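Understanding the architecture of this molecule
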Amino acid sequence: MTRLATVRDDDATARPATRRRWTTVITWILVAIWLLWAAARLVGVDRMSSFSSILIPAMAVVPYVAAGVVIPLAVAALTRNWIALGVTVAVAAVYAGIVLPRAFGGGQPDATGPRLRILTANLKFGQAGDAGLVDLVRRTGADVLSVQEFTPAAAERLDAAGIEGLMPYRVIDPRGGPEGTGLYSRYPLTERPDRGSTTFAMVNATLQVPGAAPVRFTAAHPPAPLGPDAARWRHDLKQIPTPTPHGEVGIVTGDFNATLDHAPLRHLIGEGFTDAADATGQGLVPTFRPWPPITIDHVLADRRCAIERVKIYLQPASDHRALFTELRLP
């Protein structure tokens, strides 16, 4: 009896110790996941060609991962693993530095040129290219309309809805499926030569705004970086004209299929662009609605431009929201 009681006492003592070990292992696994995700974002692993099918989508959801850091924080606190808690607090601070500035915006340059109102919209295989879009142009007072997934049928519907009366100038390349892109404008547009071959149409034009120097305007739509298209996505992002800080003012609009957590887009912005939504504290507002909603439609303006207003509009016939930006040119 004494021997049996001793065995039972040993088992009772071992069980809590085993639970503590497993709790510690699980806590550190959670901490490691969030730590590695943050490290991957900081070093820009999505620039790598290897494992692109995993790395690029992983970067698209960084804001959700940042919000989820409460999970390892809570587990570390509840298990009283103070070292893990300290590490997780540091990781949470990194995520805050990455994500939170998009909700607050930043300072603007003292631009004194004319205002320019821009509307960019992905039409979902042309379905949203209709009278509703023309009405949105009218309501926003947009000076330039940039369209992606722009089909010949959508071009015909926009003409039938009266787009020419609002925007008599155009440089358009309508194509089947998601490949077409176009620019409509109140102000004169002059087509510029192609910079190189891209997967989907990339329209480049010179925009002449009264009272301002000519503006280089680009409508871009790199393909979704899934599977074999990841390399094409990187290639097409590199074909976007980079800023010329002491020369011509450049503006790029469209569906980039990239968030501010994708390294190729951050590199492009770092050349001298400002992301309009980010600059006005709306950088976390999703523009692509399927789950999880993410922000992949952008207006990138030369840093000499002052972003005054950004608003995002629902498009019932599209899986993208339309992005409106009002800025002042230098």
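Check the entry above for the structure.
Residues numbered from 1 in each chain as written. Predicted model: local features only at pLDDT ≥ 70, side-chain atom pairs only at ≥ 80, totals over all residues. Heavy atoms only, no water.

Scanning the protein for helices and strands turns up 11 helices and 12 strands. When each of the 330 residues of the protein is scored for burial, the buried share is 48%. Accessible area of the protein: about 15200 Å², with a carbon and sulfur share of 61%. When the 33 positive and 29 negative side-chain charges of the protein are each reduced to one mean point, those points stand 9 Å apart. (Helix = DSSP H or I, 4+ residues; strand = E, 2+ residues; numbered from the N terminus. Buried < 20%, exposed > 50% of the residue type's maximum accessible area, 1.4 Å probe, protein only. Areas by Shrake-Rupley, 256 points an atom, 1.4 Å probe, with all protein chains shown as cover. Lys, Arg positive; Asp, Glu negative; His and termini not counted. Charge placed at Lys NZ, Arg CZ, Asp CG, Glu CD.)

On to the sheet that holds strand 10 (residues 297-302). Strand order in the open sheet made by the six strands is 5-6-7-8-10-9, with mixed pairing throughout. Two strands lie at the open edges of the sheet, namely strand 5 (189-191) and strand 9 (273-275), each paired on one side alone. Across the sheet, the axes of successive neighbouring strands diverge by a mean angle of 25°, strand direction being ignored. Two elements, strand 5 and strand 6 (residues 203-207), share three bridges in a ladder whose sense is antiparallel. Each residue of the ladder has a partner; that of Glu191, found in strand 6, is Ala205. Packing of helix 10 (residues 263-270) onto the sheet brings it into contact with strand 9 and strand 10, and relative to strand 10 it is tilted by some 25°. (Pairing = 2+ DSSP bridges. Axes fitted to C-alpha atoms, helices over the stretch in contact; angles between N-to-C directions. Contact = heavy atoms within 4.5 Å.)

Turning next to helix 5 (residues 82-99). Taking 1.5 Å of rise per residue, the 18 residues of helix 5 would be expected to cover 26 Å, and the 25 Å separating its terminal C-alpha atoms lies within 8% of that figure. Of the positions making up helix 5, those classed as buried are Ala84, Thr88, Val91, Ala92, Tyr95, Ile98 and Val99. Down the axis of helix 5, the smallest arc covering the buried residues is 115°, so these residues share one side. In helix 5, the exposed positions angled more than 90 degrees off the buried face are occupied by Trp82 and Ile83. (Expected span 1.5 Å × (residues − 1). Arc of directions from axis to C-beta.)

In terms of nonpolar packing, the biggest core is built from 28 residues, with Leu116, Leu183, Leu207, Phe217, Ile251, Leu327 and Leu329 touching the most fellow members. Residue assignment for this core shows that the elements contributing at least two residues are strand 1 (115-122), strand 6, strand 7 (215-220), strand 8 (249-255), helix 11 (276-279), strand 10, strand 11 (306-313) and strand 12 (322-328). For Leu207, the contacting residues outside a window of four places in its chain are Leu116, Val144, Ser185, Tyr187, Pro188, Leu189, Pro214, Val215 and Phe217. (Core = buried A, V, L, I, M, F, W, Y, C linked by side-chain atoms within 4.5 Å.)

Turning our attention to the packing of aromatic side chains. Across all of its chains, the model carries two aromatic pairs by this definition. Look at Tyr64 and Trp291: their rings are 6.1 Å apart centre to centre, the planes differ by 55°, and that puts the pair in the tilted class. In this pair, Tyr64 sits in helix 3 (residues 62-67) while Trp291 sits in the loop between helix 11 and strand 10, placing the two residues 227 residues apart along the sequence. Judged by relative accessible area, which is 36%, Tyr64 ranks as partly exposed. (Phe/Tyr/Trp six-rings, centres within 6.5 Å; stacked < 30°, edge-to-face > 60°.)

Looking now at the pairing of strand 4 (residues 181-185). The element strand 4 is largely enclosed, with a buried count of five among its five residues. Burial along strand 4 is two-sided: the residues Thr181, Leu183 and Ser185 and Gly182 and Tyr184 are all buried. The pairing of strand 2 (residues 144-148) with strand 4 spans five bridges and is classified as antiparallel. Residue pairing in the sheet places Val147 in a bridge with Gly182 of strand 4. Sheet topology places strand 3 (residues 169-173) next to strand 4; five bridges connect them, and they run antiparallel. Across the sheet, Tyr169 pairs through a bridge with Ser185, a residue of strand 4.

As a further point, take the packing of helix 4 (residues 70-78) against helix 5. One can describe the packing of helix 4 onto helix 5 by two numbers: an axis separation of 8 Å at closest approach and a directional angle of 160°. As summarised for this structure, helix 4 and helix 5 are arranged roughly antiparallel, according to the angle between their axes. Crossing hand, helix 4 versus helix 5: left-handed. Residues Pro72, Leu73, Ala76 and Ala77 of helix 4 pack against Trp82, Ala84, Leu85, Thr88, Val89 and Ala92 of helix 5. Residue composition of the contact of helix 4 with helix 5, grouped by class: nine nonpolar, one polar and no charged. (Parallel < 35°, antiparallel > 145°, perpendicular 65-115°, else oblique. Left-handed = near helix turned anticlockwise from the far one by under 90°. Nonpolar A, V, L, I, M, F, W, Y, C, P; charged D, E, K, R; others polar.)

On to the side chain of Thr181. Note on placement: Thr181 falls in strand 4. A relative accessible area of 0% means that Thr181 is categorised as buried. The contact partners of Thr181, leaving out residues within four places of it in the chain, are Val147, Phe150, Ile172, Asp173, Pro174, Ala201, Val203, Ala219 and His221.

This part is about the environment of Lys311. Note that Lys311 resides in strand 11. For the pair Lys311 and Pro225, spaced 86 residues apart in sequence, the C-alpha separation works out to 26 Å. Not counting the four nearest positions on each side in its chain, Lys311 is found in contact with Gln282, Ala322, Leu323 and Phe324.

The subject of this paragraph is the sheet that holds strand 2. A sheet is described by the order of its strands in space; here six strands give the open sequence 3-4-2-1-12-11, paired in mixed fashion. Edge positions in the sheet fall to strand 3 and strand 11, since each of these pairs with one other strand and no more. On average, each strand axis in the sheet is tilted by 15° relative to the strand beside it, whichever way the strands run. With respect to the sheet, helix 6 (residues 131-140) is in contact with strand 1, strand 2, strand 11 and strand 12, its orientation differing from that of strand 1 by roughly 160°.

Just geometry here; none of it tells us what the structure is for.
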